[in-house]
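# Fold and contact review
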Amino acid sequence: MQIIMKAKYLIITMALLALACSLTSAYDPSPLQDFCVAVKDPASALFVNGKFCKDPKLASANDFFLSGLNIPRDTSNPLGSNVTAVNVDNLAGLNTLGVSLARVDFAPYGLNPPHTHPRGTELFIVLEGTLYAGFVTSDGDAGNRLFTKMLYPGDVFVFPFGLIHFQLNVGKTKAVAFASFSSQNPGLITIANAVFGSDPKINPDVLTKAFQVDKKLVEYLQKQIWLSNS
Ligand code: GLV
Ligand code: MN
């Protein structure tokens, strides 16, 4: 009898744990329905597969449509680049579908600085201009190898899941590219911003030792304003 009670408690505890995990974890799932157009107002929503979705009967073509990505973006910032994301915030029909997109504009010599996407692989397609692009492999056997390529209109380059990458416009003219991601929310960590511009600041002793430089240089870098281009 006691064994049966214990088994019961164990099953209930495991079920509660599984429920807690399903409520707190978030991963691009395989959809269990055709789509789940994201809605902000739960009053007009159905609860499907753990998400508030627009009632499919109320969905329309506009939920899957966005225009204006042909319009050049303002690149007059210190980096000389501008990333326009297309994700569930501006295209609600993307919700749960596991993909997203960005338009990337570069001024002459503009840079999309070293960054990673912690939740996605990126497929990068150049439409205009000449870009020097690269990524670095993780520590370990392959040991931080740098892969680079000069990219021209029509060229495609892949930045694998989570690896640090960058693009520099090496031409005298502007450049335009599009990036697609294997996640509806690939995330972004811009290396310089995260390391030197965190809030609160990382103790400079940590960065002085990590980078093996003078502490004054670290303090100088931590005083800079680390801008985002997106
Ligand atoms: C390019 O690498 C981008 O993430 O927009
Ligand atoms: Mn990227």
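Cut-offs and rules
Residues numbered from 1 in each chain as written. Chains lettered and ligands numbered in written order. Predicted model: local features only at pLDDT ≥ 70, side-chain atom pairs only at ≥ 80, totals over all residues. Heavy atoms only, no water. Helix = DSSP H or I, 4+ residues; strand = E, 2+ residues; numbered from the N terminus. Buried < 20%, exposed > 50% of the residue type's maximum accessible area, 1.4 Å probe, protein only. Contact = heavy atoms within 4.5 Å. pLDDT = per-residue confidence, 0-100. Pairing = 2+ DSSP bridges. Donors = N, O, S within 2.8 Å, 3.2 Å for Na, K, Ca; no water. Tetrahedral: all angles 85-135°; square planar, octahedral: opposite > 155°, others 65-115°. UniProt positions renumbered as here; feature names shortened; annotations may be inferred. Polar contact = N/O pair within 3.5 Å; in protein donor to acceptor, adjacent residues only side chain to side chain. Near = heavy atom within 4 Å. Nonpolar A, V, L, I, M, F, W, Y, C, P; charged D, E, K, R; others polar.

### Focus on the overall build of the protein
Counting its secondary structure elements, the protein contains 4 helices and 12 strands. Residue burial in the protein is summarised as follows: out of 230 residues, 32% are buried. Partitioning the intrachain contacts of the protein with sequence separation of at least 6 by distance along the chain shows that 68% fall at a separation of at least 24.

### A look at the confidence of the model for the protein
In low-pLDDT regions, the fine details of the predicted coordinates are not to be read closely. Counting all residues, the mean pLDDT for the protein is 89, and 87% of those residues have values of 70 or more. Here residues 19-23 scores under 50 on pLDDT; set against residues more than four positions off or in separate chains, the count is 0 contacts.

### So, the sheet that holds strand β12 (residues 189-190)
Read across the open sheet, the 5 strands follow the order β8-β7-β10-β5-β12; overall the sheet is antiparallel. Only two strands of the sheet have a single neighbouring strand rather than two, namely β8 (146-151) and β12. When strand β7 (residues 131-136) meets strand β10 (residues 164-169), the two strands line up antiparallel, connected through 6 bridges. Of the residues in β10, the one forming a bridge with Gly134 is Phe166.

### Details of the coordination of the manganese ion (ligand 2)
Protein-derived coordination of the manganese ion (ligand 2) comes from His115 (NE2), His117 (NE2), Glu122 (OE) and His165 (NE2), at a distance range of 2.1 to 2.2 Å. Around the manganese ion (ligand 2) sit 6 donor atoms; with metal-centred angles ranging over 74 to 172 degrees, the donor geometry is octahedral. Here the donor residues of the manganese ion (ligand 2) share one chain and are spaced in sequence as H-x1-H-x4-E-x42-H. A relative accessible area of 3% means that Glu122 is categorised as buried.

### Description of the UniProt feature "binding site: Mn(2+)" (unreviewed entry) in the protein
Taking the UniProt record as the reference, the feature "binding site: Mn(2+)" (unreviewed entry) is found at His115, His117, Glu122 and His165. A compact arrangement is adopted by the annotated residues: their sequence extent is 51 residues, whereas the largest C-alpha distance between any two is 11.7 Å. By the secondary structure assignment, His115 is in strand β5 (residues 111-116). Setting aside residues no more than four positions away along its own chain, His115 makes contact with Glu122, Leu163, Ile164, His165, Leu188, Ile189, Thr190 and Ile191. In this structure the side chain of His115 is engaged in a polar contact, spanning 3.2 Å, whose partner is the side chain of His117. Contacts of His165, omitting those with residues within four sequence positions, involve Pro113, Pro114, His115, Thr116, His117, Glu122, Gly134, Phe135 and Phe159. A polar contact is formed between the side chain of His165 and the side chain of His115, at a distance of 2.8 Å.

### Here we look at the site of ligand 1
Lining the immediate surroundings of ligand 1 are Val83, Val104, Asn112, His115, His117, Glu122, His165, Gln167 and Phe181. A distance of 3.0 Å is found between an oxygen atom of ligand 1 and a side-chain nitrogen or oxygen belonging to His115. One nitrogen or oxygen atom from the side chain of His117 is found 2.8 Å from an oxygen atom belonging to ligand 1. Of the residues that constitute the shell around ligand 1, the class distribution is 3 nonpolar, 5 polar and 1 charged.

### A short note on unusual backbone geometry
Following Asp199, the chain continues into Pro200 via a peptide bond in cis, with omega recorded as 0 degrees. Of note, Pro200 is situated in the loop between α2 (191-196) and α3 (204-211). Its identity is not glycine, yet Asn144 carries a phi of approximately 50 degrees, on the positive side. Summarising the element assignment, Asn144 is placed in the loop between β7 and β8. Taking relative accessible area as the criterion, Asn144 reaches 43% and is therefore assigned partly exposed. We note that Gln212 has phi near 55 degrees; this positive angle belongs to a residue other than glycine. One can find Gln212 in the loop between α3 and α4 (215-223).

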